[in-house]
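Architecture and fold: a report
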Amino acid sequence: MTGISQALATIRAAIENAEARFQRSPGSVSLLAVSKTRPVADICESLACGQHEFGENYLQEALDKISALGDPRLIWHFIGPVQSNKTRAIAEHFHWIHSLDRLKVARRLHDARPAHLPPLNVLIQINISGESSKSGITAGELLQFINGLKDFTRLRARGLMVLPEPKHDFEQQRLPFRETRRLFDEMNAAGAGLDTLSMGTTQDMEAAIAEGTTLVRIGTALFGPRR
Ligand SMILES: *Cc1c(COP(=O)(O)O)cnc(C)c1O
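This paragraph deals with the packing of aromatic side chains. One pair of aromatic rings is described through two measures. These are the centre distance and the angle between the planes. Applying the stated criterion across every chain, the model contains 3 aromatic pairs. Geometrically, the ring pair formed by Phe22 and Phe170 is stacked, given 6.1 Å between the ring centres and 25° between the ring planes. Of this pair, Phe22 sits in the loop between α1 (3-21) and β1 (30-34) while Phe170 sits in helix α7 (residues 170-189); the two residues are 148 residues apart in sequence, bridging distant segments of the chain. Phe22 sits in the buried class, given a relative accessible area of 16%.

Here it is, written out as structure tokens:
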């Protein structure tokens, strides 16, 4: 086995173990391979091992890979900060965006989403650790934000995304994920119809699974440290 196929098998086993340990249904947590800064060859190798969903942060790099690969089996997730002038390319080339935090950007994505494609799946990024430098809306803004998305029929609000500040302690890691899950349940009780929680990276994947994530975003554990 190559490094990537070995790493994929290890991560899949870790997800299964955590699902069992935290009473999650088997298969309820999906894996997004975060391929930013990685060559196209790494994506091909992962695809050969059955990994179809990839996350990218940098638009131009992602567009180069998407056109180089040109494979309809690939599902592309934009997970980086969004600049308003980049919305057209995101709307045209991606299946998901995880980092939506401005209605102005939502409108631009809606306007640019091509009619022959299904609505763009969107996750709203919450600034769950309350850090001023980070992207994301506050918990208090969420209900109004979701209501604001209802006009944008070319977008489909699927859920929430968080990237909490790194913590080493497992119990500390769980807290922001628990709070995000609580918000998710609260929004669904209000009729939001969300089905996706994008929480957990290499460092805190188990804590996110313990708190109900449905999708973990893994780069380092899969492809090695970024250079
Ligand atoms: C880079 C990145 C990841 C992957 O992090 P790893 O620690 O390499 O697993 C996940 N989510 C976002 C938003 C990222 O930018």
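This is not the end of the story, as more comes after the structure.
On to the pattern of salt bridges. Summed over all chains, the structure comprises 12 salt bridges. Glu61 is the salt-bridge partner of Lys65, the closest N and O atoms lying 2.6 Å from each other. Of the two residues, Lys65 and Glu61 are both situated in helix α3 (residues 59-69); the distance of 4 residues between them amounts to about one turn of the helix. The class of Lys65 is buried, set by a relative accessible area of 4%. The closest approach of N and O atoms between Arg182 and Glu186, which form a salt bridge, is 2.6 Å. Taken as a pair, Arg182 and Glu186 lie in helix α7 at a separation of 4 residues, close to a single helical turn. Taking the relative accessible area as the measure of exposure, Glu186 reaches 39% and is therefore partly exposed. When salt bridges with common partners are traced through the structure, they connect Glu56, Glu61 and Lys65 into a single cluster.

In this section: the site of the ligand. Taken together, Val34, Lys36, Asn57, Ile79, Leu163, Thr201, Thr202, Arg217, Ile218, Gly219, Thr220 and Arg226 are the residues near the ligand. Taking Asn57, its side chain carries an N or O atom lying 2.7 Å from an oxygen atom of the ligand. For the ligand, whose accessible area on its own is 390 Å², the fraction buried by protein is 89%. Classifying every residue of the shell around the ligand gives 4 nonpolar, 5 polar and 3 charged.

The rules behind these values
Residues numbered from 1 in each chain as written. Predicted model: local features only at pLDDT ≥ 70, side-chain atom pairs only at ≥ 80, totals over all residues. Heavy atoms only, no water. Phe/Tyr/Trp six-rings, centres within 6.5 Å; stacked < 30°, edge-to-face > 60°. Helix = DSSP H or I, 4+ residues; strand = E, 2+ residues; numbered from the N terminus. Buried < 20%, exposed > 50% of the residue type's maximum accessible area, 1.4 Å probe, protein only. Salt bridge = Lys/Arg side-chain N within 4 Å of Asp/Glu carboxyl O. Near = heavy atom within 4 Å. Polar contact = N/O pair within 3.5 Å; in protein donor to acceptor, adjacent residues only side chain to side chain. Areas by Shrake-Rupley, 256 points an atom, 1.4 Å probe, with all protein chains shown as cover. Nonpolar A, V, L, I, M, F, W, Y, C, P; charged D, E, K, R; others polar.

Any functional reading would require information that these geometric values do not contain.
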